[in-house]
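# A closer look at the structure
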Amino acid sequence: MSSPTKDPVLDGPKKLAAAFPNKELSMASRSVHADDYINNHQAVAPPMHVSTTFRYAENPDDLRPWDNLNPNAPYDSHIYSRDSAPNSTRLEAILTSLLGAPVLTYASGLSAFHAMIVFLNPKRVAIGGGYHGCHGILKLMKKLNGLEQLQLESDADLAKLQPGDIIHVETPLNPTGEARDLAYYRKKADELGCYLTVDATFAPPPLQDPFQFGVDIVMHSGTKYFGGHSDMLCGVLAFRPDKAQEWLPELREERLHVGAVLGSLEGWLGVRSLRTFELRIKRQAESAQKLVDWLVEEKAKEGSLISEFVTRIQHASQQPEAKEEGSWLRKQMPGGFGPVFSLYLKSEEQAKRFPSKLHLFHHATSLGGVESLIEWRAMSDLDIDKRLLRVSIGVEAWEDLRDDLIQGLEALKKDPKAQ
């Protein structure tokens, strides 16, 4: 812990970069050290603060409304936790470094999406398939202000968009793990004068960086890969750097009034989780790719166990552009195609019964955690194909996960109700 010099470069968010002027530190290093400038204690592990309120300055001459700067901790000064708090401030500092853009955190992914819609205040939103919760928010907004929901894949619907409206793209898509072309939608947004917003939950960095394609706001359900341990709810909005200075004050004020802030425990858990962020994401994506490649290979073999039950495998790596050098998909996802994919079994009954045959995959909703999950998606999405299974790969050995799928299908084969 170094003492403050009152130099924003030597003491503030740029401190780490200033120490390494000839290189950009790796994501792995920034995950561990991007919040070091906030340290005001000798403890190596960040403490968890549970206080909701913070003392004002003792000197009456130092009292200024909504300004409670502590000169001994200028980057860790707070008033009330509905505005800011120590743990979420640290989390936002790390995420700002990892995402390459200023960040605000929220109580959940859906509260982040809601905050984004309220702030941009469009009359129309073009949105594709994907997470049904976002569609639920738009339905709520329609009740409040008549917001019109349009189909992203419909040229006729896109033509209805006007300046100030939103094109919202989820990529990769929930639950299939397939990607959508951000450069194409940036061009559309420019032609129509619309904002381009992206839900990048399924492929956080280092897998893709939507800001390279001119996205205005990137959202994440931080519950998933940023949390990574299935034990915290979190939402994240990141704002294109050339707009952030203008947008952030109003966004912070709206978050203050709505109250959709991250809890202190969740902020602390988020910091803990991000220390191993790159390690987890890379392993999960690599294991998922190995499993998908194996499934595709086995499905092509006549008479194999996989071909007997699996009718379709969906993943970004199985899109035609994934095989094309220089394609939009290869440019957009240079770090890998994501840890989530979907399987379609031959019948609804097979899809319903298969998860209970597995030992290493938990049958549960959500994704992104260190443990592998499989979900008969009809449990939480009433409109989905009843034969679909969503698979989220954790950090287990991929060979063990492969063997678990094999023994599970063998058990399914013996189940008379699955025939």
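Anything mentioned here points back to the structure above.
Described in the following lines is the structure provided in the data block. The structure presented is a predicted model; accordingly, all values stated were derived computationally and were not measured.

Inspection of the entire model under this criterion finds five aromatic pairs. Their ring planes at 70° and their centres at 5.6 Å tell us that Phe 119 and Trp 247 sit as a pair that is edge-to-face. Of this pair, Phe 119 sits in helix H5 (residues 109-120) while Trp 247 is found in helix H9 (residues 241-258), placing the two residues 128 residues apart along the sequence. Each member of the pair, Phe 119 together with Trp 247, is buried. Seen in terms of ring centroids, Tyr 195 and Trp 247 are 6.0 Å apart; in terms of plane orientation they differ by 75°. Their pairing is edge-to-face. Taken together, the positions of Tyr 195 in strand E5 (residues 195-199) and Trp 247 in helix H9 put the pair 52 residues apart, joining distant regions of the chain.

Below, the discussion takes up helix H4 (residues 86-99). Look at H4: 20 Å from first C-alpha to last across 14 residues, which is about the 20 Å you get at 1.5 Å a residue. Along H4, twelve of the 14 residues are buried, which leaves the element largely enclosed by surrounding structure. Residues of H4 that are buried: Pro 86, Asn 87, Ser 88, Thr 89, Arg 90, Leu 91, Glu 92, Ala 93, Ile 94, Leu 95, Leu 98 and Leu 99.

Roughly 1,300 Å³ of internal volume is contained in the largest pocket. Forming the walls of the largest pocket are 44 residues, and the residues nearest its centre are Pro 13, Tyr 37, Glu 92, Ala 93 and Thr 96. Every element with two or more residues in the lining of the largest pocket is listed here: helix H1 (8-11), helix H2 (15-19), H4, strand E1 (103-106) and H9. Per-element accounting of the lining of the largest pocket gives the leading share, six residues, to H4. Taken together, the residues of the lining of the largest pocket sort by class into 23 nonpolar, eleven polar and ten charged. Computed from the structure, the second largest pocket encloses a volume of approximately 850 Å³.

Before going further, it helps to examine the pairing of strand E6 (residues 217-221). If a strand is regular, its side chains alternate between the two faces of the sheet. When you tally the buried positions in E6, you get five out of five residues, the bulk of the element. The alternating pattern of E6 places Ile 217, Met 219 and Ser 221 and Val 218 and His 220 on opposite faces, both of which are buried. Judged from the three bridges that link them, E5 and E6 form a sheet pairing that is parallel. Each bridged residue has a counterpart across the sheet, and for Asp 199 the counterpart in E6 is Met 219.

Rules behind the numbers
Here the residue index of a chain counts from 1 through its sequence in written order. Restriction of local features to residues with pLDDT of at least 70 applies here, the model being predicted, together with a cutoff of 80 or more for giving and counting side-chain atom pairs; totals for whole chains, interfaces and linings are based on all residues. Side-chain numbers here rest on the full set of heavy atoms in the structure, without hydrogens or water. In this analysis, rings of Phe, Tyr and Trp, with Trp reduced to its six-membered ring, are considered paired at centre separations within 6.5 Å, and the interplanar angle assigns stacked below 30 degrees, edge-to-face beyond 60, and tilted for intermediate values. Helix and strand assignments follow DSSP, with helices taken as H or I runs no shorter than four residues and strands as E runs no shorter than two, numbered in order from the N terminus. Any residue under 20% of the maximum accessible area for its type is buried, any over 50% is exposed, and the rest in between are partly exposed; the area is computed with a 1.4 Å probe on protein chains only. In a helix, the anticipated span is given by 1.5 Å times the number of residues less one. Cavities and pockets are defined on a 1 Å grid built over the protein atoms alone: a cavity is a set of grid points where a 1.4 Å probe fits but cannot escape, while a pocket is an open set with protein on both sides within 12 Å along at least five of seven lines, and lining residues are those with an atom within 4 Å of any such point. Grid points are joined across faces, edges and corners, and a volume is the space filled by probe spheres set on the points. Side-chain classes follow a simple rule in which Ala, Val, Leu, Ile, Met, Phe, Trp, Tyr, Cys and Pro form the nonpolar group, Asp, Glu, Lys and Arg form the charged group, and the remainder, Gly included, forms the polar group. Pairing between two strands requires that DSSP report at least two bridges joining them.

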